[in-house]
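# Geometric and topological summary
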Amino acid sequence: MKISNEKKKEVLLKNFEIINKNFGENGRAMREVVLKMFPIDTETALEMWKYLIKKYESEIKNGDSWCLTGGIYFDVSKILGSGKIDNIVLNNPELKRAIFSIASSVDLSANIIIKNAIEKNELQLANELLDLLFNNHYKENSWYEIMEDVISYHKNISNEMYDLLEMWCVKVENEEERAKLSIKMLDYID
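Notes on the structure follow.

Definitions and cut-offs
- Residues numbered from 1 in each chain as written.
- Predicted model: local features only at pLDDT ≥ 70, side-chain atom pairs only at ≥ 80, totals over all residues.
- Heavy atoms only, no water.
- Helix = DSSP H or I, 4+ residues; strand = E, 2+ residues; numbered from the N terminus.
- Contact = heavy atoms within 4.5 Å.
- Areas by Shrake-Rupley, 256 points an atom, 1.4 Å probe, with all protein chains shown as cover.
- Lys, Arg positive; Asp, Glu negative; His and termini not counted.
- Charge placed at Lys NZ, Arg CZ, Asp CG, Glu CD.
- Phe/Tyr/Trp six-rings, centres within 6.5 Å; stacked < 30°, edge-to-face > 60°.
- Buried < 20%, exposed > 50% of the residue type's maximum accessible area, 1.4 Å probe, protein only.
- Axes fitted to C-alpha atoms, helices over the stretch in contact; angles between N-to-C directions.
- Parallel < 35°, antiparallel > 145°, perpendicular 65-115°, else oblique.
- Left-handed = near helix turned anticlockwise from the far one by under 90°.
- Nonpolar A, V, L, I, M, F, W, Y, C, P; charged D, E, K, R; others polar.
- Salt bridge = Lys/Arg side-chain N within 4 Å of Asp/Glu carboxyl O.

## What about the overall build of the protein?
Per the secondary structure count, the protein includes 13 helices and zero strands. Start at the N end of the protein and walk to the C end: the helices and strands fall as α-α-α-α-α-α-α-α-α-α-α-α-α. Its C-alpha atoms give the protein principal-axis dimensions of roughly 60 × 30 × 25 Å. Considering only residue pairs separated by 6 or more positions, the protein has 66% of its internal contacts joining residues 24 or more positions apart. Carbon together with sulfur atoms contributes 47% to the accessible area of the protein, which is approximately 10,300 Å² in total. Taken together, the 25 basic and 32 acidic charged side chains of the protein have centroids lying 8 Å from each other.

## Remarks on the packing of aromatic side chains
Under the defined criterion, the tally for this structure stands at six aromatic pairs. Where phenylalanine 38 meets tryptophan 49, the ring centres are 6.2 Å apart and the plane angle is 80°; that geometry is what we call edge-to-face. Highlighted residues: phenylalanine 38 in the loop between helix 2 (23-37) and helix 3 (42-55) and tryptophan 49 in helix 3, separated in sequence by 11 residues. Each of the two residues, phenylalanine 38 as well as tryptophan 49, counts as buried. Three or more aromatic residues link up through ring pairs in this structure, and these residues are Phe134, Trp143 and Trp168.

## A few points about the packing of helix 11 (residues 143-151) against helix 12 (residues 159-169)
Remark: helix 11 packs on helix 12, axes separated minimally by 10 Å, with the N-to-C direction vectors making an angle of 165°. The angle between helix 11 and helix 12 falls in the class roughly antiparallel. At the point where helix 11 passes helix 12, the crossing takes the left-handed sense. Every residue of helix 12 that contacts helix 11 at Trp143, Met147, Val150 and Ile151 is listed here: Leu165, Trp168 and Cys169. Broken down by class, the residue content of the contact of helix 11 with helix 12 amounts to seven nonpolar, no polar and no charged.

## Examining the packing of helix 1 (residues 5-19) against helix 2
The axes of two packed helices give the description: the angle between them and the distance between them. Running from N to C, helix 1 and helix 2 point in directions that differ by 155°, and their axes come no closer than 10 Å. Compared by their axis directions, helix 1 and helix 2 come out roughly antiparallel. Taken as a pair, helix 1 and helix 2 cross one another with a handedness that is left-handed. From helix 1, Lys9, Leu12, Leu13, Phe16 and Ile19 reach across to helix 2, where they touch Asn26, Ala29, Met30, Val33, Lys36 and Met37.

## Focus on the pattern of salt bridges
Pairing between side chains of opposite charge can happen when the charged atoms of each approach one another. Here the structure, examined in full by the defined rule, presents 11 salt bridges. A salt bridge links glutamate 57 to arginine 97; the shortest N-O distance between them is 3.1 Å. Of this pair, glutamate 57 sits in helix 4 (residues 57-61) while arginine 97 sits in helix 8 (residues 93-102), placing them 40 residues apart in sequence. For aspartate 149, the salt bridge goes to lysine 115, with nearest N and O atoms at 3.3 Å. One end of the pair, aspartate 149, is in helix 11; the other, lysine 115, is in helix 9 (residues 110-119), and 34 residues separate them in sequence.

## Let's talk about the environment of isoleucine 60
With respect to the helices and strands, the residue isoleucine 60 is situated in helix 4. For the pair formed by isoleucine 60 and lysine 120, sequence separation is 60 residues and the distance between their alpha carbons is 29 Å.

Keep in mind that these numbers describe shape and distance, not what the molecule does.
Now the structure itself:
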């Protein structure tokens, strides 16, 4: 059975109003509504996403961030492409703040956006995002885990990229973890 996008949008909006009052019971369903709205009406989907982030900020900080940050980012990247969703996140202060500064789960969103910036040689942007993420007091991942993930996806990097990654690897507090990253960084040296 086929229905129009307008009818789908109407159904999604109606049900969003019902389920958005209880994150604990309906977090995944809220995520699903936002994801289904993206191909129908991107602007409405963005407004819904930002609304949920604002309404459930305390949950995002306290371990339930995946539904409203990384989960939406990752699945929307499959719908719109990673370049487009990266631009959306980076050009929306609420989304950027949620993903880099307050989310407890950062591995499926912040790390990927940083990797993409480095791949595109947007080093100033990558540095800014690494700084936001480093100062995120709610992140569950250690700085070592984050940097290990960020540096593992790059093949050929410039001297500037190497310097940027090395600068952030040095911020790992544990000496053994810092040594492991230093060894990994040797892959980039001829």
